[in-house]
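Here is how the chains run, residue by residue.
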Number of protein chains: 2
Amino acid sequence: MQLYAERALLDTGWADGALIEIGDDGLISALTTGVSRPPEGCERVAGALLPGMPNLHSHAFQRALAGAAERRGAGEDTFWTWRTAMYRLVEEIDPDAMEGIAGQLFVEMLEAGYTSVGEFHYLHHDRDGRPYACLTETSERIIAAAERTGIALTLLPVLYTSSGFGGEAPAAGQRRFVNGGERYARLLDALFSRHARRPGLRIGAAAHSLRAVTPGELDGALRALRSLDAHAPIHMHVSEQVREVEDCVRWSGQRPVEWLLEHADVDARWCLVHATHLSASECDALARSGATVGLCPTTEANLGDGFFPAAAFLDAGGRFGIGSDSHVSVSPLEELRWLEYGQRLVHRRRALLASPGTPSVGRRLFEHAARHGADALALPAGALAAGRRADLVAVDTSLPALQCREDDGLLDALVFAGNVNPVRDVMVGGRWRVREGRHVERDPIRRRFAETLRTLGTL
Amino acid sequence: MQLYAERALLDTGWADGALIEIGDDGLISALTTGVSRPPEGCERVAGALLPGMPNLHSHAFQRALAGAAERRGAGEDTFWTWRTAMYRLVEEIDPDAMEGIAGQLFVEMLEAGYTSVGEFHYLHHDRDGRPYACLTETSERIIAAAERTGIALTLLPVLYTSSGFGGEAPAAGQRRFVNGGERYARLLDALFSRHARRPGLRIGAAAHSLRAVTPGELDGALRALRSLDAHAPIHMHVSEQVREVEDCVRWSGQRPVEWLLEHADVDARWCLVHATHLSASECDALARSGATVGLCPTTEANLGDGFFPAAAFLDAGGRFGIGSDSHVSVSPLEELRWLEYGQRLVHRRRALLASPGTPSVGRRLFEHAARHGADALALPAGALAAGRRADLVAVDTSLPALQCREDDGLLDALVFAGNVNPVRDVMVGGRWRVREGRHVERDPIRRRFAETLRTLGTL
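Here's what I pulled together on the structure shown here. (Residues numbered from 1 in each chain as written. Chains lettered and ligands numbered in written order. Predicted model: local features only at pLDDT ≥ 70, side-chain atom pairs only at ≥ 80, totals over all residues. Heavy atoms only, no water.)

The next thing to look at is the overall build of chain A. If you tally the helices and strands in chain A, you get 14 helices and 17 strands. Here the C-alpha radius of gyration of chain A, 21 Å, is about what a compact globule of 459 residues would show, namely 23 Å. Its C-alpha atoms put chain A at 65 × 50 × 45 Å along the principal axes. Sequence separation of 24 or more characterises 74% of the internal contacts of chain A that already satisfy a separation of 6 or more. (Helix = DSSP H or I, 4+ residues; strand = E, 2+ residues; numbered from the N terminus. Rg over C-alpha atoms; globule rule 2.2 N^0.38 Å. Contact = heavy atoms within 4.5 Å.)

Structure (structure tokens):
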């Protein structure tokens, strides 16, 4: 397949007349620029062509809670009271609901310009906390939703054993998440043996958080993963809440990131999600580790987490990608915009996340999050180059907010003046999944989601 | 004209079967609820009916800069370097450009669910700083754009005389803004005599800021305004930047809000825009004054202003409305969402702007901003009730993010899970201006905007 774009943001920068050859494997096999006229029969992309954005942190089922937990309660409302509402939803989800919600969510992601997703998947068991007849039942539903919608998936089955630091027994509301080390290893085995070679699907592993696994369990899970795939990604929530940091210090004498950097082999295969509360030395050390930080600005704002020190982290050479996490918003542009805005509000300055080499804030944010998001998902995506996946987005440059903006100026307008969704067409792994702003299967998937929501009742 | 809605948010709360009678004057003449079947020939509104949102603070021409000032410069990027870029745009605007940009902007506002706008209008003169042959030339262009698009307008011509506290002479870049007291009074006179009785149009006044007018000039402008209309609104930028607060203290020994509350007749006719940096006593006193605070969360974030103490201000009984100000975003839902999110990030809690009486954050924010925004514009709008303007919005409750959400739950989903624009139909003063998400004159207005942008070049 051949694609031609008049203007495209490639690995090497902006280019005119890009001719993109895409193999049957969904990878870009060749890229030529400066082509003034596309060959006969070649498809022409309208607008500007950009790499699709990886969404590195998702709990798909939580989409059903979006907007339904925004009420003042009797006491103080916090992350922890939100978690109680989320656990109530957990009680209601069955495998069909999981698939119905994930399908709708993935359509929304694709229509917003996300082309891959890291599913941090911890809802493994039935309502009584017993494994389904098929141990990977709910994982299979996530995979089915990704296949149907066409989004590339890095599935990160989650190890979850405890409710607090030091191996505290899990609470009743967590029973659907819990696997001991041995069963977790079997879960990984089953997923790798069934799905390791499927195109557009990658298997990794996750530990929920330092409060939910013991050091020995973390070690065991990492060994199990490495024996299956030495390069597989490992994700973990860390330092999202101040209470979590305090509990960790009480348990170990160290802060979570400090502990992890000393006790685990944190390197470029790792993605630390949130990492909101960092000391200056943790921030520097994390940047040096090569790990990606998974930032989820809309969820972190919704949950009142606090501000990640993004400017200092980038200045120290750190890497981040973005995730929509709880999916209260599903928009890479809102994530990027408010990541920068948070820094502006805290520091009372502007253009904080640009760099001397890339003065355009839009370009820096978009390109950085695309590349490192893909790294965190261990997918060859996040940039348009030969050998990488044909995951790409065409934006409508005739929109009033984008017209007369060019190249980096277009990316600035896209990120900052972008509250009308500018995504027109989206390709994942060489196949068009969104055309003229609509996912090709939008309607039937939406109907199924509506049925699912009805079974869940008004939350 | 009669309208029927199955579910509507009225002045008195949510109601089933609302039958709304609208007079030729564009006001709601009667409202009946509990009507199970609409009368023959009555128009039926699909979805849920809400009051339209007033946008209480706009500089229309700045829409042309949206997304075009997001680059790191050689030095430190701040509000003040942004202002330099904005002044460069000012040099380029002629009356035709003013009308072309305002037309496009007002279409975007209506499509996003804003039904009225307070135009804080300071670009009065030609490129050499000389008044146009018609003193109200640029004001007339704003009025023409509002009439064409149908948005209700409160025009706030701005008094601007100085570049710093204590009457410092204006800078070259400010020459198009400057009117002495006498000419400002003539400008007000001309606007009132021509437009005071036009439906959907209200004239008020504004002083740019305490740094841009002297106490004597402020007094004079207020006297001129009161002689024309004792109830007309008065708007003023205040305490947006820390440097402005420091300069004010140096000049007067008082902070800007403190000074204003002591030296001006600040009451319910006033709207203080931004008021970002408040001491605790200023916050309380401002809440007691009855003035509205004009909050512009997306612009305040874009410019790195800082965080308005919204939770404390509401707890003290304060009132706010919202504005899109520089129009980097044009979305009442993004403004409301990030107003709450800013408070969550600062306080690390959730649901901060709800109240014990209105636990739904979405309901509280939407209703409060609609009512007090209308008060700040001195328009009888902001709620659906007999005697008020028929400014209303129908939202598409079949969207995945809104389905199965009801009443306050719908407003929570609208504000927080609302990054797909849910506005379907918009009526202003009894006339439909947006149908199925499109402004009825979208295309010709968009073409004119495109021509305008081309004359401005790539900014």
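Glancing now at the interface of chain A and chain B. Taken together, the contacts link 71 residues of chain A with 71 residues of chain B. Of the roughly 5900 Å² buried where chain A meets chain B, counting both sides, 51% is carbon and sulfur surface. Counting across the interface, chain A meets chain B through ten salt bridges. Across the pair R337 of chain B and E334 of chain A runs a salt bridge, and its minimum N-O distance is 3.0 Å. Our enumeration of links across chain A and chain B arrives at 32 residue pairs in polar contact (both at pLDDT 80 or more). Taken together, the elements giving at least two residues each to the side of chain A that touches chain B come down to α1 (79-92), α2 (95-112), α9 (297-302), α11 (332-347), α13 (408-416) and α14 (442-456) of chain A. The greatest single-element share of the side of chain A that touches chain B, amounting to seven residues, is contributed by α11 of chain A. (Buried area = accessible area lost by both parts, 1.4 Å probe. Salt bridge = Lys/Arg side-chain N within 4 Å of Asp/Glu carboxyl O. Polar contact = N/O pair within 3.5 Å; in protein donor to acceptor, adjacent residues only side chain to side chain.)

All names here are of chain B. Roughly 610 Å³ of internal volume is contained in the second largest pocket. For the second largest pocket, the lining is made up of 30 residues, of which R198, P199, G200, L201 and R389 are closest to its centre. If you list the elements that add at least two residues to the lining of the second largest pocket, you get α3 (137-149), β7 (152-159), β8 (201-203) and β16 (431-435). When grouped by side-chain class, the residues that make up the lining of the second largest pocket number 16 nonpolar, four polar and ten charged. (1 Å grid on protein atoms, 1.4 Å probe; cavity = no way out; pocket = protein on both sides within 12 Å on 5 of 7 lines; lining within 4 Å. Points joined across faces, edges and corners; volume = space filled by probe spheres on them. Nonpolar A, V, L, I, M, F, W, Y, C, P; charged D, E, K, R; others polar.)

This part covers empty space enclosed by the protein. It is the rolling of a water-molecule-sized probe over the atoms that shows where space remains empty. Scanning the model with the defined rule gives twelve cavities of 30 Å³ or more in all. The wall of the largest cavity is formed by 26 residues, among which F307 and L345 of chain A together with F307, G342 and L345 of chain B lie closest to the centre. For the lining of the largest cavity, the secondary structure elements donating two or more residues are α9 and α11 of chain A together with α9 (297-302) and α11 (332-347) of chain B. At six residues, the largest contribution of residues to the lining of the largest cavity is made by α11 of chain A. Here the lining of the largest cavity is built from residues that sort into 18 nonpolar, six polar and two charged. The computed volume of the second largest cavity comes to approximately 200 Å³.

Turning next to the relation of the copies chain A and chain B. With an RMSD of 0.0 Å, the fit of chain A onto chain B corresponds to turning through 180° and sliding 0.0 Å along the axis. What we have between these two chains is a two-fold relation. Interface overlap between copies is the fraction of interface residues in one copy that are interface residues in the other; for chain A against chain B it reaches 100%, indicating a shared surface. (Least-squares fit on C-alpha atoms with pLDDT ≥ 70 in both.)

Let us look at the sheet that holds strand β17 (residues 438-439) of chain B. All names here are of chain B. If you trace the eight strands from one edge of the open sheet to the other, you get β3-β2-β1-β4-β14-β15-β16-β17, paired in mixed fashion. Pairing within the sheet leaves two strands with one partner each, and these edge strands are β3 (28-32) and β17. Pairing of strand β2 (residues 13-22) with β3, which is carried by four bridges, proceeds in the antiparallel orientation. Within β3, the residue paired with I22 across the bridge is I28. (Pairing = 2+ DSSP bridges.)

Let's shift gears to the pairing of strand β1 (residues 2-10) of chain A. All names here are of chain A. As paired elements, β1 and strand β2 (residues 13-22) share eight bridges and run antiparallel to each other. Each bridged residue has a counterpart across the sheet, and for Q2 the counterpart in β2 is E21. Between β1 and β2, which pair antiparallel one after the other, the connecting turn spans two residues. Pairing between β1 and strand β4 (residues 43-51): five bridges, direction parallel. Paired with L3 across the strands is E43, a residue of β4.

All names here are of chain A. Where α2 meets α14, the axes come as close as 8 Å, and the angle between the chain directions of the two elements is 135°. For the element pair α2 / α14, the angle class is oblique. Considering only the axes of α2 and α14, their crossing is left-handed. The residues of α14 that touch α2, namely those facing D96, A97, E99, G100, I101, G103, Q104, V107 and E111, are R442, I445, R446, R448, F449, T452 and L456. Of the residues that constitute the contact of α2 with α14, the class distribution is six nonpolar, four polar and six charged. (Axes fitted to C-alpha atoms, helices over the stretch in contact; angles between N-to-C directions. Parallel < 35°, antiparallel > 145°, perpendicular 65-115°, else oblique. Left-handed = near helix turned anticlockwise from the far one by under 90°.)

What follows covers helix α4 (residues 181-195) of chain B. Residue and element names in this part refer to chain B. The terminal C-alpha atoms of α4 lie 21 Å apart, and with 15 residues this matches the ideal 21 Å at 1.5 Å per residue to within 8%. Those residues of α4 that fall on the buried side of the exposure criterion are Y184, L187, L188, A190, L191, F192 and H195. Of the surrounding secondary structure, the elements contacted by the buried residues of α4 are α3, β7, β8, β9 (205-207) and α5 (215-228). (Expected span 1.5 Å × (residues − 1). Buried < 20%, exposed > 50% of the residue type's maximum accessible area, 1.4 Å probe, protein only.)

Residue and element names in this part refer to chain B. All told, the structure shown has 77 salt bridges over all chains when counted by the stated rule. For R63, the salt bridge is made with E108, and the minimal N-O distance between the two is 2.9 Å. With R63 in the loop between β5 (53-58) and α1 (79-92) and E108 in helix α2 (residues 95-112), the pair connects residues that are 45 residues apart, well separated along the chain. Taking the relative accessible area as the measure of exposure, R63 reaches 6% and is therefore buried. Since its relative accessible area comes to 14%, E108 is described here as buried. For E99, the salt bridge identified is with R141, shortest N-O distance 3.0 Å. Of the two residues, E99 is situated in helix α2 and R141 in helix α3; the sequence distance between them amounts to 42 residues. Under the relative-accessibility criterion, E99 is labelled buried at 19%. We classify R141 as buried; its relative accessible area is 17%.

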